[in-house]
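Coordinates in review
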Amino acid sequence: DLCFSALTPSVAAGQVQIANTVTNLGTAATAGTVTCRFYLSADAVLDASDISLGTRARTTILKAGNSDGATTRFNVPAGVSAGYYYVIGVADSLNTQAESSEANNTKVSGSRILVRPDLVVSAITATKAGTSLSVPNTVQNAGPIPTTGSFRVDFYISADATITTADIFIGSRTVTASLPANGVSTAT
């Protein structure tokens, strides 16, 4: 009798990460491979509109009363829109195990995750030559989905490491192409 006793998603390093624990509530050990499938869902109900993230296969025997925990990582499939999503897990998604209850295989995460691009300046330096200031910089999309449309990167001179209204705007650049997950744009 397989179920998820824990399902906690997060977004980090451009991926959806799911801390998950499968528990065997039954009186017998599993036989063969157990495949768990994970979905992104706009609501808390598993249906045909949900987006499959992928699977985690467990090939070792899970004895009665025991649990198996893992953190499973997935890239977000192309075409996923930015927004809030639940993660839904289905234990024994291929129905390869004879279970005392098939009604408890699906679990919905208790909270939603925000899937969107996440732009960070991953490198910046500045050099002065006469009256010009050169600012080599790299912007990275640390989010799990690509950016859409263009975006602007602004540069300021500041007396400290915090941007405030007292800082002096010195210029900007526009990134016109979509930046994929983990993609970078470098310019001076």
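Everything below is about the structure shown above.
On to the overall build of the chain, then. Counting secondary structure elements, the chain contains 0 helices and 15 strands. Computed over its C-alpha atoms, the radius of gyration of the chain comes to 23 Å, more than 25% above the 16 Å expected for a compact globule of 188 residues. On the principal axes, the C-alpha backbone points of the chain span a range of 80 × 30 × 25 Å. Across the chain, every contact between residues at least 6 apart in sequence was considered, and the portion connecting residues at least 24 apart equals 62%. Averaged over its 11 positive side-chain charges, the chain has a centre that lies 8 Å from the centre of its 12 negative ones.

It is worth spelling out the environment of Leu 114 at this point. Residue placement: Leu 114 occurs in strand β8 (residues 113-115). If sequence neighbours within four positions are ignored, Leu 114 has contacts with Val 11, Gly 83 and Tyr 84.

Quick look at the layout of surface pockets now. Each pocket or cavity is described by its volume, and for the largest pocket that value is around 250 Å³. In this structure, the largest pocket is lined by 16 residues; those nearest its centre are Ile 124, Asp 154, Phe 155, Tyr 156 and Ile 163. Counting residues per element, the lining of the largest pocket draws most heavily on strand β13 (residues 151-157), which supplies 4 residues. Considered class by class, the residues forming the lining of the largest pocket number 10 nonpolar, 3 polar and 3 charged. Reported here for the second largest pocket is a volume of approximately 170 Å³.

This brings us to the sheet that holds strand β2 (residues 15-24). Read across the sheet, 3 strands follow the order β1-β2-β5 without closing on themselves; strand pairing throughout is antiparallel. At either end of the open sheet lies a strand with only one pairing partner, and these are β1 (2-12) and β5 (67-74). For this sheet the average axis-to-axis angle between neighbouring strands, irrespective of direction, equals 15°. In terms of strand pairing, β1 meets β2 through 10 bridges, oriented antiparallel. The residue bridging Leu 7 from the neighbouring strand is Asn 20, located in β2.

Glancing now at the state of the cysteines. Tallied over the full model, the rule gives 0 disulfides. Cys 3 takes part in no disulfide bond, and the closest cysteine sulfur to it belongs to Cys 36, at a distance of 10 Å. Residue classification places Cys 3 among the buried residues on the basis of a relative accessible area of 10%. Its relative accessible area of 2% is what places Cys 36 among the buried residues.

With that settled, the discussion passes to the packing of aromatic side chains. Centre-to-centre distance and the angle between the planes together describe a pair of aromatic rings. One pass over the structure, following the stated rule, counts 3 aromatic pairs. Between Phe 4 and Phe 38 the ring centres are 5.6 Å apart and the planes differ by 55°, which places this aromatic pair in the tilted class. Placement of Phe 4 in strand β1 and of Phe 38 in strand β3 (residues 34-41) is noted, with a sequence separation of 34 residues between them. The class for Phe 38 is buried, based on a relative accessible area of 0%. Seen from their ring centres, Tyr 156 and Phe 169 are 5.6 Å apart, and the 70° between their planes marks the pair as edge-to-face. In this pair, Tyr 156 is assigned in strand β13 and Phe 169 in strand β14 (residues 168-175), connecting sequence segments 13 residues apart. With a relative accessible area of 43%, Phe 169 lands in the partly exposed category. Cluster of aromatic residues (ring-pair linked, three or more members): Phe 4, Phe 38 and Phe 74.

Calculation notes
- Residues numbered from 1 in each chain as written.
- Predicted model: local features only at pLDDT ≥ 70, side-chain atom pairs only at ≥ 80, totals over all residues.
- Heavy atoms only, no water.
- Helix = DSSP H or I, 4+ residues; strand = E, 2+ residues; numbered from the N terminus.
- Rg over C-alpha atoms; globule rule 2.2 N^0.38 Å.
- Contact = heavy atoms within 4.5 Å.
- Lys, Arg positive; Asp, Glu negative; His and termini not counted.
- Charge placed at Lys NZ, Arg CZ, Asp CG, Glu CD.
- 1 Å grid on protein atoms, 1.4 Å probe; cavity = no way out; pocket = protein on both sides within 12 Å on 5 of 7 lines; lining within 4 Å.
- Points joined across faces, edges and corners; volume = space filled by probe spheres on them.
- Nonpolar A, V, L, I, M, F, W, Y, C, P; charged D, E, K, R; others polar.
- Pairing = 2+ DSSP bridges.
- Axes fitted to C-alpha atoms, helices over the stretch in contact; angles between N-to-C directions.
- Disulfide = S-S within 2.5 Å.
- Buried < 20%, exposed > 50% of the residue type's maximum accessible area, 1.4 Å probe, protein only.
- Phe/Tyr/Trp six-rings, centres within 6.5 Å; stacked < 30°, edge-to-face > 60°.

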